[in-house]
Amino acid sequence: AISLSTFELSKGKSKERKMAARGGPVVVPRNFRLMEELEAGEKGIGDGTVSYGLEDSNDMTLSSWTGTIIGPPNSTHANRIYSVSVRCGESYPDSPPSIRFITRVNCNFVSDRGEVTPKLAVLKNWRRESTIATVLKAIQAELASSSNKKLPQPDEDAMY
């Protein structure tokens, strides 16, 4: 059984550690979680229309990622390949990653600089269980939404 002294608990240890001391859920540390996501990304996601991996294989902090999203069919995004930059900060997965399109896109959840804004539901309602793959699939789904699927798009080779 895990037990922590009253002194340790009173020193401001994390909520997760207090829960673990009481037999609650064990929280996977950031880097272990990101290693799991890296392994999943290397294996591929579902139908292959979304992929991701580390930007630099020597990134020991597992902070900088790249992603690729193939535009959904029956939309102005069909057959387009969108590249995104994903940044997982120190507080990930407790806080969402920041996502920025490298390929220029016209959508109601992307700023003029290519940043994915908190208008995207998965970011606004972030949960610790969400992953990089969750965000990329949510972006792909939002590209196919009625508010985005018919918007005119920049040239395919346009970048931010």
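Please refer to the structure higher up on the page.
The notes below deal with the structure included here. (Residues numbered from 1 in each chain as written. Predicted model: local features only at pLDDT ≥ 70, side-chain atom pairs only at ≥ 80, totals over all residues. Heavy atoms only, no water.)

**Let's talk about the pattern of salt bridges**
The following threshold applies: Only one rule defines a salt bridge in this text: a Lys or Arg side-chain nitrogen within 4 Å of an Asp or Glu carboxyl oxygen. Helix numbers and strand numbers start at the N terminus; a helix is a DSSP run of H or I with at least 4 residues, a strand a run of E with at least 2. Summary of the burial criterion: residues with accessible area below 20% of their type's maximum are buried, those above 50% are exposed, and those between are partly exposed, where the area comes from a 1.4 Å probe applied to protein chains only.
If you walk through the whole model with that rule in mind, you get seven salt bridges. One salt bridge in this structure joins Asp94 and Arg128, with 2.7 Å as the shortest N-O distance. With a gap of 34 residues between them, Asp94 in the loop between β3 (81–87) and β4 (98–101) and Arg128 in the loop between α4 (121–124) and α5 (132–143) connect regions that are remote in the sequence. Its relative accessible area of 46% is what places Asp94 among the partly exposed residues. The class for Arg128 is partly exposed, based on a relative accessible area of 23%. Here Arg113 ties to Glu115 by a salt bridge, and the two come within 3.0 Å at their closest N and O atoms. Assessed through its relative accessible area of 58%, Arg113 is described here as exposed. The partly exposed category is assigned to Glu115, whose relative accessible area is 30%.

**A short note on the sheet that holds strand β1 (residues 50–54)**
Strand pairs in the sheet, formed through backbone hydrogen bonds, run parallel or antiparallel to each other. Put simply, the rule reads: The pairing criterion for strands is at least two bridges between them, as found by DSSP. Where helices are involved, their axes are fitted lines through C-alpha atoms of the stretch in contact, as for all axes, and angles between N-to-C directions lie from 0 to 180°. Residues count as neighbours in contact if any of their non-hydrogen atoms are within 4.5 Å of one another.
Here four strands make up an open sheet; going across it, the order is β1-β2-β3-β4 and the pairing antiparallel. The strands lining the two open edges of the sheet, one partner per strand, are β1 and β4. Taking the axes of each pair of neighbouring strands and ignoring which way they run, one obtains an average angle of 25° across the sheet. The strands touched by helix α3 (residues 30–43) are β1 and β2 (64–70); relative to β1, the strand with the most contacts, the crossing angle is about 130°.

**What to know about the packing of aromatic side chains**
Note the following rule: Pairing of aromatic side chains requires ring centres within 6.5 Å, counting the rings of Phe and Tyr and the six-membered ring of Trp. Pairs whose planes differ by under 30 degrees are stacked, by over 60 edge-to-face, and all others tilted.
Under the criterion given, the structure shown has three aromatic pairs. Ring geometry for Tyr52 against Trp65: centres 6.0 Å apart, planes inclined by 45°, an arrangement best described as tilted. Of this pair, Tyr52 sits in strand β1 while Trp65 sits in strand β2, and the two are 13 residues apart along the sequence. Assigned by exposure class, Tyr52 and Trp65 land together as buried. Look at Tyr92 and Trp126: their rings are 6.0 Å apart centre to centre, the planes differ by 45°, and that puts the pair in the tilted class. A residue pair is termed long-range when its members are at least 10 positions apart, and Tyr92 in the loop between β3 and β4 and Trp126 in the loop between α4 and α5 qualify at 34 residues. For Tyr92, a relative accessible area of 2% corresponds to the buried category.

**Digging into the nonpolar core**
What counts here: Definition used in this section: a nonpolar core is a set of buried Ala, Val, Leu, Ile, Met, Phe, Trp, Tyr and Cys residues joined via side-chain atoms within 4.5 Å.
Within the largest apolar cluster, 31 residues are counted, with the highest numbers of intra-cluster contacts made by Trp65, Phe101, Phe109, Ile132 and Ile139. Sorting the residues of this core by element identifies α3, β1, β2, β3, β4, α4 and α5 as the ones contributing at least two each.

**Examining the pairing of β3**
The sheet contact formed by β2 and β3 spans seven bridges and is antiparallel. Each residue of the ladder has a partner; that of Ser64, found in β3, is Arg87. Two strands pair when backbone bridges link them, and β3 and β4 are joined in this way by four bridges, in the antiparallel orientation. Opposite Val86, over in β4, you have Ile99 as the bridge partner.

**Topic: α5**
Defined as follows: Expected span, for any helix, means 1.5 Å times one less than how many residues it has. Pairs of N or O atoms are called polar contacts if they sit within 3.5 Å, as long as, within protein, a hydrogen donor faces a hydrogen acceptor (for residues adjacent in sequence, only side-chain-to-side-chain pairs).
Compared with the 16 Å implied by 1.5 Å per residue over twelve residues, the 17 Å span of α5 between its first and last C-alpha is a close match. Looking at the buried positions of α5, the neighbouring elements they touch are α3, β1, β2, β3, β4 and α4. One side-chain oxygen of the residue at the start of α5 lies 3.3 Å from the amide nitrogen of Ala133, identifying that residue as Thr131.

**Points about α3**
What counts, and what does not: In this description, one arc is meant: the one made by directions from the helix axis to the C-beta atoms.
The first and last C-alpha atoms of α3 sit 20 Å apart over 14 residues, in line with the 20 Å expected at 1.5 Å per residue. Turning to α3, its buried residues number three or more, namely Arg30, Arg33, Leu34, Glu37, Leu38 and Gly41. Projected down its long axis, α3 carries its buried residues within an arc of 140°, all on one side. Residues of α3 that are exposed and angled more than 90 degrees away from the buried face: Phe32, Glu42 and Lys43. Positive phi appears at Gly44, one or two residues downstream of α3, with a value of about 100°.

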